[in-house]
Amino acid sequence: MIRSQFPALSQTLAFLDSAATTQKPLCVIEAMNEFYKTHYSSVKRGAYSLSAKTTQKFEDARAKIAKFIDAQNENTIVFTRGTTESINLVAHTNIAHGDEVLLSVLEHHANIVPWQIAGAKIKVIPCDDNGDLQISELPNLLSAKTKIVALTHTANSIGTINPLQEIIPAIRKLAPQAKILIDAAQGAPHSKISVKELDCDFLAFSAHKIYGPTGVGILYGKNEILETMPPWQGGGEMIDKVSFEGTSFALPPARFEAGTPPIAEVLGFSAAIDWVNETGMSNILAHERQITAYALDELQKVEGLQVVGKPRDRGSIISFSLGKIHPHDVALILDEDSIAVRAGHHCAQPTMERFKVPATLRASFAAYTEPWEIDKLCKSLVRASDIFVY
């Protein structure tokens, strides 16, 4: 039974906020504890056997993640603090003031603000009332000036899975010079992603969204692109030779990994990938689709409930409102009933503006979500409606 592998989950807590962060299976916790208990040391810099053992496990994790996303080799994987830092890294090293960047209206703030800070001129792909991107607008938005196209795989706000297999070839044809970055924070935990098949230039995701620890994630970049990018932070490990007269830099990925890395977190990340592989991504996806379909059916039976966004292809995310009751008020009632959902703008204020809502409630699911949690949610929503009578 999958749920029993997650120590923090009980049979009374309905944890429906997995889009924010997933719970951790025991194997991930134990992998991190084992490092601290049995072979704690730094990586890459020690000549002694303890450091060599840790370094090997650390680099094995890199190779494992490369294989997980069907990358060319392990040197295409840069460890970062997560999706946000990965996007900032690309923005910092690829964008000059005034460069054009194409985003979508469904982006998380982490895929908007870094481009603004870098001084980019931003264009936006709109979506229709269902929450599907209007990709027919691409010819009007792309040009020879487009430097980067950065798009989410799955919208964290309303659950839209973007048809990247259709969008990316269109970008290659209309703006062949543009680099393509995919924010896979909400995609990598739920479906098999092949960067080779997608033909994206960059892809980013976070460990904590895929049953691993916080504080670590990856940036995938094509070898030939990473090799042309300058470092974005200076310090130990990212150098080739240092003198007071000047410094030469290491080859990727070391060039982008200044300082002592989050070693325990990387090893926990590695264990999380093992868990996903052993559980089977196809099994996880099938379970989540079943749970999401059940939740959609049951939620729409709740009087006054309105689902926000009805995309053609939906991830394991449902955003909704409950009549005129503010989402934060509803969330507090749900919390009284031991139900965890997210309430707010979900770091996607432009999306909220597009749907003319200040905020929504968001229920999101994972491999451990069970039908009784949906039943409990619906019952509590009815109670909230009874409390807030308008």
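First things first, this report covers the structure right here in the doc. Position labels on residues start from 1 in each chain and follow its written sequence. At least 70 in pLDDT is required for a residue's local features to be given in this predicted model, at least 80 for side-chain atom pairs to be given and counted, and no such filter applies to totals for whole chains, interfaces and linings, which use all residues. No hydrogens and no water enter the side-chain calculation; it runs on all heavy atoms of the structure.

## A look at the pairing of strand β6 (residues 179-183)
(1) Moving on: Within β6, four of the five residues are buried, leaving the element largely enclosed by the surrounding structure.
(2) Moving on: Whether a crossover is right-handed depends on one test, that the path from the first strand over the helix to the second runs clockwise when the strands point away from the viewer. Put simply, DSSP marks the helices as runs of H or I at least four residues long and the strands as runs of E at least two long, and each gets a number from the N terminus on. Read from strand β5 (residues 146-152) through helix α6 (residues 164-174) to β6, the crossover connection turns out right-handed.
(3) Moving on: The pairing of β6 with strand β7 (residues 202-206) spans three bridges and is parallel. Paired with isoleucine 182 across the strands is leucine 203, a residue of β7. For every residue, the accessible area (1.4 Å probe, protein chains only) is compared with the maximum for its type, and the residue is labelled buried under 20%, exposed over 50%, or partly exposed between those bounds. Being paired, for any two strands, means DSSP has found at least two bridges between them.

## A look at the packing of aromatic side chains
(1) Moving on: A pair of aromatic rings is counted whenever rings of Phe, Tyr or Trp (Trp by its six-membered ring) have centres within 6.5 Å, and the orientation is called stacked for planes under 30 degrees apart, edge-to-face for over 60 and tilted otherwise. Per the counting criterion, the structure on display carries 10 aromatic pairs.
(2) Moving on: Between the aromatic rings of phenylalanine 6 and tyrosine 368, the centroid separation amounts to 4.8 Å while the plane-to-plane angle is 65°, which identifies the pairing as edge-to-face. Of the two residues, phenylalanine 6 is situated in the segment before β1 (14-15) and tyrosine 368 in the loop between β15 (360-364) and α13 (371-387); the sequence distance between them amounts to 362 residues. For the pair phenylalanine 6 and tyrosine 368, one class covers both residues: buried.
(3) Moving on: Pairing phenylalanine 205 with phenylalanine 269 gives two aromatic rings, centres 5.9 Å apart and planes at 85°, and the pair type is edge-to-face. Of the two residues, phenylalanine 205 is situated in strand β7 and phenylalanine 269 in helix α9 (residues 263-279); the sequence distance between them amounts to 64 residues.
(4) Moving on: Over the ring of phenylalanine 68 we find lysine 192; its NZ or CZ atom is 5.4 Å from the centre of that ring. A ring is considered to have a charge above it if a Lys NZ or an Arg CZ atom is located within 6 Å of its centre and within 35 degrees of its normal.

## Some remarks on the sheet that holds β7
(1) Moving on: Pairing in this open sheet of seven strands is mixed, and the strands run β2-β8-β7-β6-β5-β3-β4 from one edge to the other. Every interior strand has two partners, whereas the edge strands, β2 (77-80) and β4 (121-125), have only one. Each strand axis lies, on average, 20° off the axis of its neighbour in the sheet, ignoring direction.
(2) Moving on: The contact criterion used throughout is that any non-hydrogen atoms of two residues lie within 4.5 Å. Axes, fitted as lines to C-alpha atoms, cover a helix only where it is in contact. Angles between the N-to-C directions of the axes lie from 0 to 180 degrees. With respect to the sheet, helix α3 (residues 83-94) is in contact with β2, β5, β6, β7 and β8 (217-221), its orientation differing from that of β7 by roughly 150°.
(3) Moving on: Packed onto the sheet, α6 meets β5 and β6 and runs at close to 160° relative to β6.

## Concerning the environment of leucine 142
(1) Moving on: As for its placement among the helices and strands, leucine 142 is situated in the loop between α5 (138-141) and β5.
(2) Moving on: The class of leucine 142 is buried, set by a relative accessible area of 8%.
(3) Moving on: Between the alpha carbons of leucine 142 and isoleucine 171 there is a distance of 7.5 Å; along the sequence they are 29 residues apart.
(4) Moving on: With residues near it in sequence (within four places) discarded, leucine 142 still touches Leu102, Val149, Ile171, Leu174 and Ala175.

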